[in-house]
Structures are given as C-alpha cells and as structure tokens.
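Analysis of the macromolecular model
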Amino acid sequence: MKILCEKDYRSMSKRAASIIAAQIVSHPKSILGLATGSSPIGTYQTLIEWYHQGYLDFSEVHAVNLDEYKGLTPHNPQSYAYFMRENLFDQINIKAENTHIPNGMAVDEEAECIRYDNIIDQLGGIDLQLLGIGHNGHIGFNEPAEVFEKDTHCISLSESTIAANSRLFEQIEEVPRFAYTMGIRPIMQAKKILIIASGSAKAEIVRKAFCEAVTPSVPASILQLHPDVTLVADADALKDLGDGCRKGCCD
Ligand code: GLP
C-alpha cells in the first residue's frame, strides 16, 4: 500500500484528482468507481476544472457509485444521485447513461442488489475505485460487521454513521436508516484503489484500518490485502500512524 501525505485538503484533492486524471488519459474508456461525502468534493472540483481547461474527456468513461440511501428519490437533494449530478456529472461530458447508482426507490430490494451487481459485472469490473472512509471504518456503506459482505446489499446504518451523516440533513430524524451499498467483492476486484482521508477526526480510524489487523469490524482494513492501493491523506489524518506504518511519508 502506498501512502501519500499532503499538507491539507486542497493538496490532497489535487493529488487524488491527478491519479484519476492519469487513469482517464491513459484509458479513456475507464470504469470509475465513485464515492460521495465531503472527502471527494475537492477532487471532483479539480477534475471539473481540468475538464473545462480541455485536459480531460469523460465521453467514454463509465461511473459506478458505491451507494445510495434507501427511500430517497434521485431528485431528493440528500440523495447520492443528486450529489453526483451536482458535484460532478452535470459539469463534465460524461454520458448520463454511463453513470450508475443503486436505485434507492426500488420496490424489490433483492432484485435491485442483483441488478446492480450485474451492471458492474457487465462492465467488466472497476478500473479505479475512489473511496472515502467513515469514522467507524466503513467503505461505501459497508458497515462494521461479523463478516465482509461480498455483494451489493441493503444495510441498516449504524447509529454512528447516522449521527455523522446527519450534518447534511436538517434533522437527524431525516437521515434514512437503510442504504444500498456495493459489496466488498467489486471494491477488492478493482484494478486500482484510491482512498482519501482528511482531517484529524479521521486519524484514529486511518491508523486502525491501515496499521492494525484486517477485520470486518473495520471494513476498510481489508484494503491492506489489495495489491494496488494508494491512500492520499493530509497530515492531520495521518498523524496517528506509527513510524512503521508511515514508511517515510510526511517526512
Ligand atoms: C458516507 C459514504 C461513504 C463516505 C463516508 C465518509 O457514509 N457512504 O462512501 O466515504 O460517508 O464521508 P466523508 O468523506 O464526508 O467523511
């Protein structure tokens, strides 16, 4: 695993965007696995800038998103479908039909999970997966559990995730209690994984995930077993990493 230390959110975002840009430039038909949350917003803004400057072309790129709240329509401003349109898709030349996200309004939960896994499989898997990390170590909405869940599933969100995500809602009661998430299998089968983390609030979980044992109680820890993972983080998020784990980053 490669750890790249940047001084702050802005430079973390630029570094992460450079890695995604390199992927698109070298493989214009890339399948990108994309994430929501505060962490990737700066990365997306940088990609949008470079698109407007003529450096990037998304016309043949496909995007598969990690997750979506159950019960929110794509027009609900709190939905991840809305987030992605607002923060990336509507500002670049990606084709709407090439963007995929679980349908939070699906009537048949099981059928929706199968449909989403089929989309990923039919695309041939993910070339580059972008991830954030939740305060409890979740990736996508793969919450701490007894086992790693491999396929797309509908999950009951933990109280800590509901509390963390309530900052984006007017009241905590409005945060959906369930969400669809891509499973661990397509994430781990991605050719490359780029995980980003910013701020001291993420320092403890970054240490647990990347310097301690691989365990489903810290879902992101499984990334230690992937052959091509890059963690791009700012100094605050890396401050709790032991010397053995830092391997010269931030020096
Ligand atoms: C949400 C998303 C995750 C994201 C996490 C961290 O729960 N489902 O994909 O990584 O929050 O979000 P943030 O980047 O805002 O800390």
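Anything mentioned here points back to the structure above.
Residues numbered from 1 in each chain as written. Predicted model: local features only at pLDDT ≥ 70, side-chain atom pairs only at ≥ 80, totals over all residues. Heavy atoms only, no water.

Things to note about the sheet that holds strand β1 (residues 2–6)
Pairing in this open sheet of seven strands is parallel, and the strands run β1-β10-β9-β6-β2-β3-β5 from one edge to the other. Each end of this open sheet is capped by a strand with a single partner; those strands are β1 and β5 (99–100). Where helix α4 (residues 109–122) meets the sheet, its contacts fall on β3 (62–65) and β5, and the angle it forms with β3 comes to roughly 145°. (Pairing = 2+ DSSP bridges. Helix = DSSP H or I, 4+ residues; strand = E, 2+ residues; numbered from the N terminus. Contact = heavy atoms within 4.5 Å. Axes fitted to C-alpha atoms, helices over the stretch in contact; angles between N-to-C directions.)

Focus on the site of the ligand
In the vicinity of the ligand there are 14 residues, among which Ser38, Ser39, Asp67, Arg167 and Lys202 approach most closely. In the environment of the ligand, an oxygen atom lies 2.9 Å from a nitrogen or oxygen atom belonging to the side chain of His138. One of the backbone N or O atoms of Gly140 is found 3.2 Å from a nitrogen atom in the ligand. When isolated, the ligand has an accessible area of 390 Å², and the protein chains bury 95% of it. Its residues assigned to classes, the shell around the ligand shows three nonpolar, eight polar and three charged. (Near = heavy atom within 4 Å. Polar contact = N/O pair within 3.5 Å; in protein donor to acceptor, adjacent residues only side chain to side chain. Areas by Shrake-Rupley, 256 points an atom, 1.4 Å probe, with all protein chains shown as cover. Nonpolar A, V, L, I, M, F, W, Y, C, P; charged D, E, K, R; others polar.)

Some points on the packing of aromatic side chains
This model, assessed by the stated rule, comprises five aromatic pairs. Residues Tyr69 and Tyr80 carry aromatic rings whose centres are separated by 4.8 Å and whose planes lie at 45° to one another, so their mutual orientation is tilted. Highlighted residues: Tyr69 in strand β4 (residues 67–69) and Tyr80 in helix α3 (residues 80–87), separated in sequence by 11 residues. Across the pair, Tyr80 and Tyr69 agree in class, each one buried. Aromatic pair Tyr80 and Phe141: ring centres 5.9 Å apart, planes at 15°, arrangement stacked. Taken as a pair, Tyr80 in helix α3 and Phe141 in the loop between β6 (128–131) and β7 (153–156) lie far apart in primary sequence, 61 residues in all. (Phe/Tyr/Trp six-rings, centres within 6.5 Å; stacked < 30°, edge-to-face > 60°. Buried < 20%, exposed > 50% of the residue type's maximum accessible area, 1.4 Å probe, protein only.)

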